[in-house]
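Single-letter residue listing:
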Amino acid sequence: MSSKQWTLLYTAQSYEEAKDVAKSRFNVCQNRRSDVNDQTKFSFKCSEYRKYPLCHFQIKIIVPDNNINSITIMSKNEHEHEQNERNATTRLPSPIREFISTYVKWGLSQSQIKASLIINSVIEYIFFGDHFTIK
Ligand SMILES: [Zn+2]
């Protein structure tokens, strides 16, 4: 799914150009800068990392100290913007979440909430479930 290889994307004449390319074409924002022996490395990460914490797309721009007009832009991994399945399944369906927040507002205890939720889901099952069983 994710490779550890850096791939060369583009070469630029200036850091500004490289940064523009990274931001406009690859949807990244600046992360950090590190000065290594003979070059300066600028790291960029997915600009939507807050929304997609699993996205490991990365860009790095390397500016060699002895040749600041020969700048390389490299990328690693791909944008991963699919819904995180694990999050989706642990998240409660929205009506139940609404019930819970209402009950919390009313100051019900956890066990009271649990009992109310069971009653609610029974009611939902009877009235809105697949097996419609009103007699
Ligand atoms: Zn991304």
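Cut-offs and rules
- Think of each chain on its own: its residues are numbered from 1, step by step along the sequence as written.
- Note on the predicted model: pLDDT of at least 70 is required for a residue's local features to be given, and 80 or more for side-chain atom pairs to be given and counted; whole-chain, interface and lining totals, by contrast, use all residues.
- Every helix listed is a DSSP run of H or I at least four residues long, and every strand listed is a run of E at least two residues long, numbered separately from the N terminus.
- Buried residues are those with 20 or more other C-beta atoms within 10 Å of their own C-beta, exposed residues have 12 or fewer, and partly exposed residues lie in between; C-beta atoms are placed from the backbone.
- One bridge is not enough; two strands pair if DSSP finds at least two bridges between them.
- Only buried Ala, Val, Leu, Ile, Met, Phe, Trp, Tyr and Cys residues enter a nonpolar core, and they are joined through C-beta atoms within 7 Å.
- Two residues qualify as a contact pair if the distance between their C-beta atoms, derived from the backbone, is within 7 Å.
- pLDDT is a per-residue confidence score from the predictor, ranging from 0 to 100.
- The convention used is that axes are lines fitted to C-alpha atoms, helices contributing only their stretch in contact, and that angles between N-to-C directions extend from 0 to 180 degrees.

1. Here's the deal with the overall build of the chain
Phase 1 of the analysis: Looking only at helices and strands, one finds 4 helices and 5 strands in the chain.
Phase 2 of the analysis: Moving toward the C terminus, one meets the helices and strands of the chain in the order β-α-β-β-β-β-α-α-α.
Phase 3 of the analysis: Counting over 135 residues, the chain shows a buried share of 12%.

2. As for the pairing of strand β2 (residues 28-36)
Phase 1 of the analysis: In this sheet, strand β3 (residues 39-46) lies alongside β2 in antiparallel orientation, the contact comprising 8 bridges. Across the sheet, Q30 pairs through a bridge with F44, a residue of β3.

3. Observations concerning the environment of N37
Phase 1 of the analysis: Along the chain, the position of N37 falls in the loop between β2 and β3.
Phase 2 of the analysis: Taking the C-alpha atoms as reference points, N37 and P64, 27 residues apart in sequence, are found 9.5 Å from one another.

4. Thoughts on the nonpolar core
Phase 1 of the analysis: In this structure, A18, A22, I59, I61 and I73 are the most contacted members of the largest nonpolar core, which totals 14 residues.
Phase 2 of the analysis: Going through the elements one at a time, α1 (15-26), β3, β4 (58-64) and β5 (71-76) are the ones with two or more residues in this core.
Phase 3 of the analysis: For I73, the residues in contact, after removing those within four places along its chain, are L9, Y10, A12, A18, V21, A22, I59 and I61.

5. Examining the confidence of the model for the chain
Phase 1 of the analysis: In the predicted model, the chain carries a mean pLDDT of 83, and 79% of its residues have values of at least 70.
Phase 2 of the analysis: Of all helices and strands in the chain, the one with the weakest mean pLDDT is helix α2 (residues 85-90) (54), whereas β4 scores best (97).

6. Side note on the sheet that holds β2
Phase 1 of the analysis: Within the open sheet, the 5 strands sit side by side as β1-β5-β4-β3-β2. Their pairing is antiparallel. The open sheet is flanked by β1 (7-12) and β2, the only strands paired with a single partner. For this sheet the average axis-to-axis angle between neighbouring strands, irrespective of direction, equals 20°.
Phase 2 of the analysis: Pairing of β4 with β5, which is carried by 5 bridges, proceeds in the antiparallel orientation. Bridge assignment links K60 to a residue of β5, and that residue is M74.
Phase 3 of the analysis: Each of β1, β2, β3, β4 and β5 is contacted by α1, which is oriented at about 170° to β4, the strand it contacts most.

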